[in-house]
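Take a look at the letters that make up each chain.
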Amino acid sequence: MYASTRTKRDAERDAERDAEEDAEEDSEEESEQDSIVERAIEEHEKKSARDAEIQRRAVRRYAQHLAHARQQQTELLEELFNSCRPGAVGGFLPGVKQIANVAALPGIVGRSIGLPDIHSGYGFAIGNMAAFDMDSPLSIVSPGGVGFDINCGVRLLRTNLYEKDVQPVKEQLAQSLFDHIPVGVGSKGIIPMNARDLEEALEMGMDVWAEDKEHCEEYGRMVNADPAKVSMRAKKRGLPQLGTLGAGNHYAEIQVVDEIYDKWSASKMGIEEKGQVVVMIHSGSRGFGHQVAALVQMEKAMKRDKIETNDRQLACARINSVEGQVYLKAMAAAANFAWVNRSSMTSMPGGVGDSPPTCP
């Protein structure tokens, strides 16, 4: 009887302990759940605060974007208004219109493309590109797309000098360039040339300079050039101008390498370090190239072949027409002229490629 009572009491105590433990565990679990809920609420509040801040920033950015768009719209409308004034030229919006006009030319492949720096030009916008299918009977070629200073481009000459070497004599170097490279409207070259020499330059391009042509696009020669397709007037205009810089935005400039972004490509050009001195020549085919643009013949071809364009400055001819082929061969001769022109300025005595003044 004693043992039985004892066992019953033990069981009751055990039950009480279990109840207490269960209560403690329930309390701990409840406390833990409360903590979880509190953390969740805290995280939610933080997230809500972040989302609210993100939303506020987005609203501010949108407001700024809207203000900027309205400012751009105002500027574009002002530019359009100004470009419509008599005698006004240039600008972004007229360039966009020219891109659209080019898109309507016969035989265009894909789209008329405008690069980020486009501005109005003659026929084509400056920075406007378009491709035409050479095999299509409808495709055209337009001097407005080629440009009138045919093969206007740059030539970069690297040196083994550095800025510290050139700085003390930069005035003398600049003066030497002015003294030896003819510059300005109507400037004439100092290289003795006759009509036969000019014919060779028009046909061969830089092919006569074995080393130079390896570092030039098209190897410095367009092989379809035919000097016979160039008028005598163009040849007379070009003969005295070979080896001249010209005017406008053309230049011969002593430059310093400020940054190298592509070391592999730079090393191929002999540019190894920042601070290295290079010389850049920017010129084209001068008056010769301008004379090659046969707009009168193009307009006659347009009338004959019933070609319509949105702009008279896009005068053109079918690529496979007689006029189209004559122009392409004359254009190639002008491109060869431009390469020889830049190379001549490099090689002339006292010019860019000649020995520079002694640097201390």
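Here the structure is a predicted model, which is why all the values come from computation and not from measurement.

### With respect to helix α6 (residues 195–204)
Logical step 1: What α6 keeps buried is the set Leu198, Ala201 and Leu202. Down the axis of α6, the buried set is contained in an arc of 95°. They therefore lie on one face.
Logical step 2: The elements touched by buried residues of α6 are α8 (232–238), α10 (286–292) and α12 (322–347).
Logical step 3: The distance from a side-chain oxygen at the start of α6 to the backbone nitrogen of arginine 196 is 3.1 Å, and the residue carrying that oxygen is asparagine 194.
Logical step 4: Looking one or two residues past α6, glycine 205 carries a phi angle of roughly 60°, positive in sign.

### A closer look at the packing of α6 against α12
In helix packing, the relevant descriptors are the interaxial angle and the interaxial distance, both defined with respect to the helix axes.
Logical step 1: Running from N to C, α6 and α12 cross one another at 105°; their axes reach a closest spacing of 7 Å. The angle between α6 and α12 falls in the class roughly perpendicular. Across from Leu198, Ala201, Leu202, Glu203 and Met204 in α6, the residues of α12 making contact are Ala333, Asn336, Phe337 and Val340.

### So, the pattern of salt bridges
Logical step 1: Under the criterion given, the structure shown has 15 salt bridges.
Logical step 2: With its nearest N and O atoms 3.4 Å apart, the salt bridge here joins lysine 164 to aspartate 165.
Logical step 3: Given the relative accessible area of 15%, aspartate 165 is considered buried.
Logical step 4: Between aspartate 226 and lysine 229 there is a salt bridge, with the nearest N and O atoms lying 2.9 Å from each other.
Logical step 5: With relative accessibility at 33%, the residue lysine 229 sits in the partly exposed group.

### Some details on the sheet that holds strand β6 (residues 276–283)
Logical step 1: The three strands lie next to each other as β4-β6-β5, forming an open sheet whose pairing is antiparallel. If you trace the sheet from one side to the other, it starts and ends with β4 (153–162) and β5 (251–256), each paired once. When the angles between neighbouring strand axes are averaged without regard to direction, this sheet yields 20°.
Logical step 2: As paired elements, β4 and β6 share seven bridges and run antiparallel to each other. Within the sheet, the bridge partner assigned to tyrosine 162 lies in β6 and is glutamine 276.

### Considerations on the side chain of glutamine 276
Logical step 1: For glutamine 276, the location among the structural elements is in strand β6.
Logical step 2: The class for glutamine 276 is buried, based on a relative accessible area of 4%.
Logical step 3: Once you skip the residues sitting within four places of it in the chain, glutamine 276 turns out to touch Arg158, Thr159, Leu161, Tyr162, Gln255, Val256, Val257, Gly270 and Ile271.

### Re the environment of asparagine 101
Logical step 1: Secondary-structure assignment places asparagine 101 in helix α2 (residues 92–103).
Logical step 2: Separated by 24 residues in the primary sequence, asparagine 101 and alanine 125 place their C-alpha atoms 9.8 Å from one another.
Logical step 3: Setting aside anything within four residues of it in sequence, one finds asparagine 101 in contact with Asn310, Asp311 and Leu314.

Cut-offs and rules
- Residues numbered from 1 in each chain as written.
- Predicted model: local features only at pLDDT ≥ 70, side-chain atom pairs only at ≥ 80, totals over all residues.
- Heavy atoms only, no water.
- Buried < 20%, exposed > 50% of the residue type's maximum accessible area, 1.4 Å probe, protein only.
- Helix = DSSP H or I, 4+ residues; strand = E, 2+ residues; numbered from the N terminus.
- Arc of directions from axis to C-beta.
- Contact = heavy atoms within 4.5 Å.
- Polar contact = N/O pair within 3.5 Å; in protein donor to acceptor, adjacent residues only side chain to side chain.
- Axes fitted to C-alpha atoms, helices over the stretch in contact; angles between N-to-C directions.
- Parallel < 35°, antiparallel > 145°, perpendicular 65-115°, else oblique.
- Salt bridge = Lys/Arg side-chain N within 4 Å of Asp/Glu carboxyl O.
- Pairing = 2+ DSSP bridges.

So far we have only geometry, and geometry alone does not tell us how the molecule works.
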